[in-house]
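# Structural features, examined
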Amino acid sequence: MSDHYKLHSTSNQSATVETRVLSRTSITQLALMSEIVQNPNQPEASVKITLVHQRKAKNGLWENEMSVPLSALRAGEAKKFSLNSEQTFKLHNELLNLYTIGDGIGVQPGNLDIIVTERNKAAVITSLLSQGYADDIWAALAETNPDLVTRLSYAQIQLERRKALELFQDQLSEESSENFWQEFFESNKWIFGYGLNYQILETVETQPRYGGTRVDGRGMQKGDFLQRTSAEIKFTVLVEIKKPDTQLVGRATYRNGAHDLGSELIGGVSQLHANCSKWEKEGAQTEENRERLSGESTYTLQPKGILVIGHTSQLDTISKRNSFELFRRNLSNPEIITFDELFERARFILEHTDTQDTVPKPVIEEGPEYDIDIPF
């Protein structure tokens, strides 16, 4: 989409813009009269405007309606000029285009035909953001097009999640530490998603002390995450994070094709059993913890445990696959999920909440006579 503007220079510092119409009926219209100016004291202030009500004359031409100057008003009298939402939105777009022209080429001698494209607008917005006008831009958008603000916000969230998912995939093949994964999941809580058993999980505290006097204080046992399900009534969930290269199975095999399990896997399950028990009996029962969590409608009853460990690529034989899957399937608690399974779950969440197709995409159109390309 593009807009066509005609300019006529009136001096070295100013150029008039052909009248633009914000709204029109069969006999009246609201016109926008504007100038591009060079303001040495404030270069970014490159536009002047006047809004005029016009009426169609018998000869078919538009004439300005008579107005009363402010100096003629008596004490207590007021002069009001209102725009409806459509007129306000059109004015917003016109101003954006005019500032695109003012910042892009400024005042040029002679007559100019200018095409303003979405690419130009994006460049101006980028420039304004870099100058510290982000709050003003968002406020103006929220005023004129709140739905667009919402869609742009979701699009930004999706962009950040896509970046996180790319990092997740890259690190699956790296020898990253447990601390890296703890920090990564803390920064990207959405990855636990619509959750295990499709319950949304929220982090209550990272590195909680299960046996301490407070959930964020010191204690005898420390875990990676204390989370909770999301609903009106919430229940605590304990999460332990290992590494993608942590071995799920060992090398030894037994009769009937059974395969031994990795020591870190067995240790992680035992650790979660102990932590869940400790949290239920001690950590969740301290006065401060109980008051804090119950105030958020969060309760502890045989807390669920989640162990994130290993990668299914390790299961390269039937005996390994069967031994691992039968082991975790017959566990009521904790739930065991591998890093690549968690990655696929996160990708599923991202793909099924993708908003990029609902956000307007810039369309670049070249003008037949003069197309602005603003360098920033």
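Quick summary incoming for the structure in this document. Within every chain, residues take consecutive numbers counted from 1 along the sequence as written. The predicted origin of the model limits local features to residues at a pLDDT of at least 70 and limits the giving and counting of side-chain atom pairs to 80 or more, whereas totals for whole chains, interfaces and linings rest on all residues. Side-chain metrics in this entry use all non-hydrogen atoms of the structure; hydrogen atoms and water are not considered.

## With respect to the pattern of salt bridges
For side chains bearing opposite charge, pairing can occur when the charged atoms are close. Note on definitions: salt bridges are taken to be side-chain nitrogens of Lys or Arg within 4 Å of carboxyl oxygens of Asp or Glu. Scanning all chains against the criterion turns up eight salt bridges. The shortest N-O distance in the salt bridge between D316 and K320 comes to 3.0 Å. Only protein chains enter the area calculation, which uses a 1.4 Å probe; residues under 20% of their type maximum are buried, those over 50% are exposed, and those in between are partly exposed. We classify D316 as exposed; its relative accessible area is 52%. K320 gets classed as buried once you look at its relative accessible area, which sits at 18%. With its nearest N and O atoms 2.8 Å apart, the salt bridge here joins E325 to R328. In this pair, E325 and R328 are both assigned in helix α8 (residues 318-329), three residues apart and thus about one turn of the helix distant. The exposure class of E325 is partly exposed, given its relative accessible area of 24%. Note on conventions: DSSP H or I runs of at least 4 residues are helices, E runs of at least 2 residues are strands, and numbering of each starts at the N terminus.

## Notes on the nonpolar core
Judged by nonpolar contacts, the single largest core of 22 residues is most densely connected at F168, F185 and V308. Every element with two or more residues in this core is listed here: α4 (146-171), α5 (178-187), β9 (234-241), β12 (298-308) and α9 (339-351). At six residues, the largest contribution of residues to this core is made by α9. Whether two residues are in contact is decided by their heavy atoms: any pair within 4.5 Å suffices. For V308, the residues in contact, after removing those within four places along its chain, are F192, V239, E240, I241, K242, I337, F339 and L342. Residues enter a nonpolar core if they are buried and are Ala, Val, Leu, Ile, Met, Phe, Trp, Tyr or Cys, with the set joined through side-chain atoms within 4.5 Å. Y5, V107, L112 and I114 belong to the second-largest nonpolar core, a separate cluster that totals 17 residues.

## Comments concerning the side chain of S46
Its location among the elements puts S46 in the loop between β3 (28-37) and β4 (47-56). Judged by its relative accessible area of 2%, S46 is buried. Among all residues touching S46, those that are not within four sequence positions of it are E35, I36, V37, Y99, G102 and D103.

## A few points about the packing of aromatic side chains
Side-chain rings of Phe, Tyr and Trp, where Trp is taken by its six-membered ring, are said to pair if the distance between their centres is within 6.5 Å; with planes under 30 degrees apart they count as stacked, over 60 as edge-to-face, and otherwise as tilted. The final tally for this structure, using the stated rule, is 11 aromatic pairs. Where F185 meets F339, the ring centres are 6.2 Å apart and the plane angle is 35 degrees; that geometry is what we call tilted. One end of the pair, F185, is in helix α5; the other, F339, is in helix α9, and 154 residues separate them in sequence. The same class applies to F185 as to F339, namely buried. Linked through ring pairs, F168, F180, W181, F184, F185, F339 and F343 together constitute an aromatic cluster. Think of it as a cone above the ring: NZ of Lys or CZ of Arg counts as a charge over the ring if it is within 6 Å of the ring centre and within 35 degrees of the ring normal. Across from the ring centre of Y5, 3.9 Å away, lies the NZ or CZ of R20, which sits over that ring.

Limitation: the analysis is restricted to geometry and does not speak to function.
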